[in-house]
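Chain by chain, the residues run as shown.
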Amino acid sequence: SMRIAALPSSSTAAFQENSSGMWSSSIVKASPFLGVRLCEPKHFSSQSFSFNPKAKCITKPQLQAIAAPVETKRAAPEARRAGLKSSVIITGASSGLGLAAAKVLAQSGEWHVIMACRDFLKAEKAAMAVGMPRENYTVMHLDLASLESVRQFVENFRRSGRPLDVLVCNAAVYFPTAKEPTFSAEGFELSVATNHLGHFLLARLLLDDLKASDHSARRLIIVGSITGNTNTLAGNIPPKANLGDLRGLSAALNGVQSSPMIDGGQFDGAKAYKDSKVCNMLTMQEFHRRFHEKTGITFASLYPGCIATTGLFREHIPLFRTLFPPFQKYITKGFVSEDDAGKRLAQVVSDPYLSKSGVYWSWNKDLNSFENQLSEEASDPEKAKRVWELSEKLVGLA
Ligand code: LMG
Ligand code: NDP
Ligand code: PMR
């Protein structure tokens, strides 16, 4: 049975089903990336702190311009399904990075955003509060901490009849102060269950839908982070990410017969989060190796910068929440606002120039995107394969 009506009438107002059963929109608008033509990024590798100041790509004024919807009558080179918007699912679009990216994409007029959220009302209110045009988004229920909910979401999405052009795995939870682990519906430690396992099942199931899209830029984006990367300063703040020999993951992270931690160690909420981000980055690369050539789908990850003000830190002590933003802004200079981070994610979703697969995108001081290096563990193909296979078992795909 359906948990939630998939398509609120307000969101479907601009759409009619035509005779061929495809959704068509009464709003016809097409332009290159959000109406702003982006210059080609220089593909250079960078160590964590060495940036190429000469790299010429998206500039700050351009980034600001992206926020405003730009009307153009010119057809984009990749325009297809004439008049139909591109379709993107964003998990966890009810706050922070996901909401900011949803806003940019919905306001561009080029995208219909499916906000895949665990709290329907919160998502609806958030969309309204940031001024997303009603006809450009749909809220659908998804609780990543329940594999049944993930399967139900996929069913509901398919029933909506919309195509899937891009999937963004963005939602996450972080329990830095928890002394004891908590668990998902299936009994997996909650941060790895939500951030990695729920998304793993979702992405595997929706791969068929991405394959079926006729969009020129079909993408699967999995949000990563710097803190899982031990080749950076931020990745060396204890506790450090480390998946070890995966003994906890292979024993199902249930905290009863096995440790709740992937490496089999004592529970540590901050480490569990960082480990889950390593899984996200390994999963993106394994998808790339297994499916990029066969399907042409772009698989990518990103570190959008330190968005120190988001709900991710809601469980942290108040002192941390007060000091963390100024610390990142004035000391590490790694701070990025929710709006700017949203533009970065929107860029990875829709910029025709960021179409390379298998890439972990970051942004340098001059706000240029570049292909960053992952840590040794987060780029280990053997580990990626084993995480993939163990995860398949846990989510019931193998
Ligand atoms: C872990 O501890 C716990 O183990 C875990 O269980 C969990 O609770 C987790 O986050 C939650 O925290 C981690 C942390 C705890 O431990 C440390 O950070 C230890 C520090 C180890 C130092 C590593 C060395 C790295 C090299 C240092 C070089 C310094 C360079 C400075 C930067 C240079 C950049 C180029 O620690 C804490 O929880 C403490 C909270 C720290 C939060 C950050 C706030 C810092 C406050 C600084 C003041 C800022 C004020 C702003 C002022 C603006 C002024 C204009
Ligand atoms: P927020 O807490 O603001 O957003 C997280 C979103 O995930 C919320 O919408 C939340 O829903 C949703 N969510 C949590 N649990 C579930 C669940 N079980 N099912 C469905 N949705 C769920 O954090 P951020 O915006 O900061 O985080 C977004 C992404 O960015 C994460 O992947 C994070 O790892 C990454 N990131 C963040 C950085 C930062 O500095 N903030 C840095 C690097 C990466 P609800 O609104 O209902 O709580
Ligand atoms: Mg970190 C260049 C330095 C840098 C960057 C980019 C980050 C990002 N952090 C940096 C440095 C430091 N941090 C230093 C020197 C310290 C010691 C004071 C420090 C501490 C710290 C804590 C306690 N930082 C943190 C925490 C968290 O609880 C956050 C975390 O690890 O969440 C998992 C965090 C973060 N620092 C970052 C980023 C991006 C985060 C948060 C979130 C994430 O990766 O998703």
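Please read all numbers here as calculations on a predicted model, not as lab measurements.

Taken together, 14 residues sit near ligand 1, with Tyr174, Pro176, Ile237, Pro238 and His316 positioned nearest. At a separation of 3.1 Å, an oxygen atom of ligand 1 approaches a polar side-chain atom of Tyr174. Here an oxygen atom of ligand 1 sits 2.9 Å away from a polar atom, N or O, in the main chain of Pro176. Protein chains bury 46% of the 1300 Å² of accessible surface belonging to ligand 1 in isolation. The dominant element in the shell around ligand 1, judged by the number of residues it contributes, is helix α9 (residues 318-332), at five residues.

The subject of this paragraph is the nonpolar core. Membership of the largest hydrophobic core comes to 63 residues, with the highest contact counts inside it found for Ile89, Phe153, Leu167, Leu206 and Leu220. With eleven residues, the single largest contributor to this core is helix α6 (residues 190-212). Ignoring anything within four residues of it in the chain, the contact list for Ile89 reads Ile114, Ala116, Phe153, Phe157, Leu164, Val166, Leu167, Val168 and Leu206. Residues Ile90, Leu97, Val168 and Ala346 belong to the second largest nonpolar core, which totals 37 residues.

Turning next to the packing of aromatic side chains. Going through the model one piece at a time under the given rule, you end up with eleven aromatic pairs. Between Phe200 and Trp388, the ring centres sit 5.1 Å apart and the planes meet at 90°, which makes this aromatic pair edge-to-face. Of this pair, Phe200 sits in helix α6 while Trp388 is found in helix α11 (residues 381-394), placing the two residues 188 residues apart along the sequence. Both residues of the pair, Phe200 and Trp388, count as buried. An angle of 25° between the planes, with centres 4.4 Å apart, marks the rings of Phe320 and Phe324 as stacked. Within this pair, Phe320 and its partner Phe324 are both found in helix α9, separated by four residues, close to a single helical turn. Given a relative accessible area of 12%, Phe324 falls into the buried group. Here the aromatic residues Tyr174, Tyr273, Phe313, Phe320 and Phe324 are joined through ring pairs into a cluster of three or more. Taking the ring centre of Phe335 as reference, the NZ or CZ of Lys329 above it sits at 4.7 Å.

What follows is about the side chain of Asp165. Structurally, the position occupied by Asp165 is in the loop between α5 (147-160) and β7 (166-169). Judged by relative accessible area, which is 0%, Asp165 ranks as buried. One polar contact links the side chain of Asp165 to the main-chain amide nitrogen of Ser87, over a distance of 2.8 Å. Polar contacts involving the side chain of Asp165 include one to the side chain of Ser213, which spans 2.7 Å.

Turning our eyes to something else, we now look at the site of ligand 3. Surrounding ligand 3, one finds 20 residues, the nearest of these being Tyr174, Ser225, Thr227, Tyr273 and Gln328. Here Tyr273 contributes a side-chain N or O atom positioned 2.3 Å from an oxygen atom of ligand 3. Residue Gln328 places a side-chain N or O atom 3.3 Å away from a nitrogen atom belonging to ligand 3. Only α8 (269-295) and α9 provide two or more residues apiece to the shell around ligand 3. Considering every element that reaches the shell around ligand 3, the biggest residue donor is α9, with five residues. For the shell around ligand 3, the class distribution of residues is 14 nonpolar, five polar and one charged.

Side-chain pairs of opposite charge can arise where the charged atoms are in close proximity. Going through the model one piece at a time under the given rule, you end up with 15 salt bridges. For the salt bridge of Arg159 with Glu155, the shortest nitrogen-to-oxygen distance reads 2.8 Å. Here Glu155 and Arg159 lie together in helix α5, a separation of four residues that amounts to about one turn. A salt bridge links Asp209 to Arg158, with the nearest nitrogen and oxygen atoms 2.7 Å apart. Here Asp209, found in helix α6, pairs with Arg158, found in helix α5; they are 51 residues apart in sequence, far enough to count as distant. Relative accessible area serves as the criterion here: at 14%, Asp209 is assigned to the buried category. Residue Arg158 is classed as partly exposed on the basis of its relative accessible area of 42%.

With 13 residues, helix α10 (residues 338-350) ought to run about 18 Å at 1.5 Å a step, and its terminal C-alpha atoms sit 18 Å apart, in line with that. Extensive coverage of α10 is indicated by the burial of ten of its 13 residues. For α10, every residue scored as buried is listed here: Ala341, Gly342, Lys343, Arg344, Leu345, Ala346, Gln347, Val348, Val349 and Ser350.

Let's shift gears to the packing of α6 against α11. At a minimum axis separation of 10 Å, α6 and α11 run at an interaxial angle of 85°. Overall, the two elements α6 and α11 adopt an arrangement that is roughly perpendicular. Mapping the contact onto sequence places His196, Leu197, Phe200 and Arg204 in α6 and Val387, Trp388, Ser391, Glu392 and Leu394 in α11.

Here α5 crosses α6 at 25°, and the two axes come no closer than 9 Å. What the angle tells us is that α5 and α6 run roughly parallel. The two elements α5 and α6 cross, and the hand of that crossing is right-handed. Across the interface between the two elements, Leu147, Val150, Arg151, Phe153, Val154, Phe157 and Arg158 from α5 touch Leu197, Gly198, Leu201, Leu202, Leu205, Leu206, Asp208 and Asp209 from α6.

Parameters at a glance
- Residues numbered from 1 in each chain as written.
- Chains lettered and ligands numbered in written order.
- Predicted model: local features only at pLDDT ≥ 70, side-chain atom pairs only at ≥ 80, totals over all residues.
- Heavy atoms only, no water.
- Near = heavy atom within 4 Å.
- Polar contact = N/O pair within 3.5 Å; in protein donor to acceptor, adjacent residues only side chain to side chain.
- Areas by Shrake-Rupley, 256 points an atom, 1.4 Å probe, with all protein chains shown as cover.
- Helix = DSSP H or I, 4+ residues; strand = E, 2+ residues; numbered from the N terminus.
- Core = buried A, V, L, I, M, F, W, Y, C linked by side-chain atoms within 4.5 Å.
- Buried < 20%, exposed > 50% of the residue type's maximum accessible area, 1.4 Å probe, protein only.
- Contact = heavy atoms within 4.5 Å.
- Phe/Tyr/Trp six-rings, centres within 6.5 Å; stacked < 30°, edge-to-face > 60°.
- Lys NZ or Arg CZ within 6 Å of the ring centre and 35° of its normal.
- Nonpolar A, V, L, I, M, F, W, Y, C, P; charged D, E, K, R; others polar.
- Salt bridge = Lys/Arg side-chain N within 4 Å of Asp/Glu carboxyl O.
- Expected span 1.5 Å × (residues − 1).
- Axes fitted to C-alpha atoms, helices over the stretch in contact; angles between N-to-C directions.
- Parallel < 35°, antiparallel > 145°, perpendicular 65-115°, else oblique.
- Left-handed = near helix turned anticlockwise from the far one by under 90°.

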